[in-house]
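Coordinate analysis (summary)
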Amino acid sequence: MYHIQKLSNGITIVSEPIPFVRSIAFGIWVRNGSRNETPSCKGISHFIEHMMFKGTDARSYADIAEEMDAIGGQVNAFTSKEYTCFYTVSLDEHFDTALDILADMFLRSSFPPEELAKEQRVVLEEIDMYEDTPEDLVFEVLQENIWRGSTLGHSILGDPATINSFDRDTLNRYLAANYHPENIVISISGNINPEQVTRKVEGYFGDLRASVAPPSRPDTPAYLGGAYSKVKDIEQVHLLLSFPGIELNSPRLYDMTLLNTILGSGMSSLLFQKVREELGLAYSVYTHYSSYVDTGLFSVYAAVSPQNLEVTCAAINDELKAFSAGALSASRLAKAKEQLKSSLLLSLESSSSRMMRMGRSQLMLGRIHTSDEIIEKIDNVTHENVLDMAKDILRPDKISIATVGARETSSLSLV
């Protein structure tokens, strides 16, 4: 059972007791990501995430690491296009220590200049790492182009010019402008007493106040189809075929989730069976969908030899067209539903997974669906719902192609 409380300063606390575990997962969720950044500060949300581990007025970066290791806990963070999350996982008996460490990092990071300079070099190395990871890079190439002109197209990591421009004042100004209590959800799951843990959290975060007016919401992006490529001297071509998707709050979200599962999630999916098992064209092939507050994206990924690029595109397109024309059996839909429900129920065995699901849902949707509600939504998806989603999404006139490798996309057919 979920417990939700809103503090007087606007921070929302969501908690879920799980009495049969010995762990507590604690997360601070901020509705701020690369979409909130101006061109002059691209990458700052991710950079601040890094810098919060580099020391406070009371702890050095080494103290943070040593204190968490001393209790056998984990502390980590990640940044997306629309939110940032800082979290700990610890034994229940060590929660007070984990809470104190993460609250200190979040509320009192000092951004030491010498650490800032070092972390700039670290993030530049991270950017280079992505350049050397073509499976990740092809998604960047696609999104930078299809959302160009919108902040949604910004890279989460930023670019070397903006990263090297950051100083303490820049970071503090950005925090003041974007880390508002109304933009923050604190999510806690595990062996807890909700009332007690809420009082503890309020003791740390209850005095947080906004110092400037809340920022305006990001622009609504326009999807710009086309063919985009980044030439790299590598053995394979990493291919992405993409279509406009649906927004996060869409009532058709589970239609999309099942479409994704059937087409390209797992070894029995249609595209895996066709492209890899039957035709032997690729080792890796899968589908992926991203949903944002106002738009979305559905993609098919494959990594193939340059000489097999055209035939792989044709095979994928043929499979998508056949599916949209009605190639969905009742048994395949039933199997996909069981995959999704099993994945959901297995995730409930982890306090960390529960905390993540609660925090993200409350932050981005303003509500949390119970597992029974989600299962009901999955069960209610019909054969017609999935095929209608396929017809609406998999439109040849909306397809975009991105590649990373020794081939360009200009010669590929988009229909």
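Described below are features of the structure shown in this document. Here the structure is a predicted model, which means the values were calculated and not measured.

Here's the deal with the overall build of the protein chain
When helices and strands are counted, the protein chain shows 15 helices and eleven strands. Summarising its shape, the C-alpha atoms of the protein chain cover approximately 60 × 50 × 40 Å along the three principal directions. Partitioning the contacts of the protein chain with sequence separation of at least 6, the portion at a separation of at least 24 is 81%. Total accessible area on the protein chain is roughly 17900 Å²; 49% of this is exposed by carbon and sulfur atoms.

As for the sheet that holds strand E6 (residues 184-190)
With mixed pairing, six strands are arranged side by side in an open sheet as E1-E2-E6-E3-E5-E4. Two strands close off the open sheet at either side, each with one partner strand: strand E1 (3-6) and strand E4 (74-79). With strand direction ignored, the average angle separating the axes of adjacent strands in the sheet is 15°. Relative to strand E5 (residues 84-91), E4 runs antiparallel, the two sharing six bridges. Bridging from a neighbouring strand, Ala-77 pairs with Phe-86 of E5. Contacting E1, strand E2 (12-17), strand E3 (23-30) and E6, helix H8 (residues 194-205) runs over the sheet at an angle of about 150° to E2. The sheet strands contacting helix H13 (residues 351-365) are E1, E2, E3, E4, E5 and E6, and the helix crosses E6 at an angle near 155°.

Some words on the nonpolar core
Most often, soluble globular proteins keep nonpolar side chains buried together rather than apart. Ranked by internal contacts, the top residues of the largest apolar core, which has 46 residues, are Leu-263, Ile-316, Phe-323 and Val-386. A per-element tally of this core places helix H9 (residues 253-264) first, with seven residues. Aside from chain neighbours lying at most four places away, what touches Ile-316 is Leu-239, Leu-241, Leu-271, Val-275, Val-300 and Ala-302. By size, the runner-up hydrophobic cluster in this structure holds 45 residues, among which are Val-30, Phe-95, Ile-184 and Ile-186.

Quick look at empty space enclosed by the protein
All told, the structure shown has one cavity of 30 Å³ or more when counted by the stated rule. Here the largest cavity is characterised by a volume of approximately 40 Å³. Taken together, Thr-261, Ile-262, Ser-265, Ser-268, Ser-269, Arg-332, Lys-335, Ala-336 and Gln-339 make up the full set of residues lining the largest cavity. Going through the elements one at a time, H9 and helix H12 (330-347) are the ones with two or more residues in the lining of the largest cavity. For the lining of the largest cavity, the leading source of residues is H12, giving four residues. Split into classes, the residues belonging to the lining of the largest cavity amount to two nonpolar, five polar and two charged.

Section: the pattern of salt bridges
Across all of its chains, the model carries 23 salt bridges by this definition. The partner of Asp-92 in a salt bridge is Arg-22, and the shortest N-O contact between them spans 3.1 Å. Remark: Arg-22 occurs in the loop between E2 and E3 and Asp-92 occurs in the loop between E5 and helix H3 (95-108); sequence separation between them is 70 residues. Under the relative-accessibility criterion, Asp-92 is labelled buried at 18%. Measuring nitrogen to oxygen at the nearest pair gives 3.1 Å for the salt bridge that ties Glu-67 to Arg-59. Overall, Glu-67 belongs to the partly exposed group, its relative accessible area being 28%. Owing to a relative accessible area of 11%, Arg-59 belongs among the buried residues under this scheme. Through salt bridges with shared partners, a single ionic network connects Arg-59, Glu-67, Asp-100, Asp-104 and Arg-108.

Brief notes about the sheet that holds strand E11 (residues 400-405)
Reading across from one edge, E7-E11-E8-E10-E9 is the order of the five strands in this open sheet, with mixed pairing throughout. With one partner strand each, in any of the chains shown, strand E7 (227-231) and strand E9 (285-291) form the two edges of the open sheet. When strand polarity is set aside, the average angle formed by the axes of neighbouring strands in this sheet is 15°. As defined by bridge partners, E7 adjoins E11 across five bridges and the pair is classed as parallel. The residue of E11 that forms the bridge with Lys-230 is Val-404. This element, H9, spans E9 and strand E10 (296-304) of the sheet and lies at about 165° to E9. Sheet strands in contact with helix H11 (residues 309-324) are strand E8 (237-244) and E10, and its direction is about 30° off that of E8.

Procedures and definitions
- Residues numbered from 1 in each chain as written.
- Predicted model: local features only at pLDDT ≥ 70, side-chain atom pairs only at ≥ 80, totals over all residues.
- Heavy atoms only, no water.
- Helix = DSSP H or I, 4+ residues; strand = E, 2+ residues; numbered from the N terminus.
- Contact = heavy atoms within 4.5 Å.
- Areas by Shrake-Rupley, 256 points an atom, 1.4 Å probe, with all protein chains shown as cover.
- Pairing = 2+ DSSP bridges.
- Axes fitted to C-alpha atoms, helices over the stretch in contact; angles between N-to-C directions.
- Core = buried A, V, L, I, M, F, W, Y, C linked by side-chain atoms within 4.5 Å.
- Buried < 20%, exposed > 50% of the residue type's maximum accessible area, 1.4 Å probe, protein only.
- 1 Å grid on protein atoms, 1.4 Å probe; cavity = no way out; pocket = protein on both sides within 12 Å on 5 of 7 lines; lining within 4 Å.
- Points joined across faces, edges and corners; volume = space filled by probe spheres on them.
- Nonpolar A, V, L, I, M, F, W, Y, C, P; charged D, E, K, R; others polar.
- Salt bridge = Lys/Arg side-chain N within 4 Å of Asp/Glu carboxyl O.

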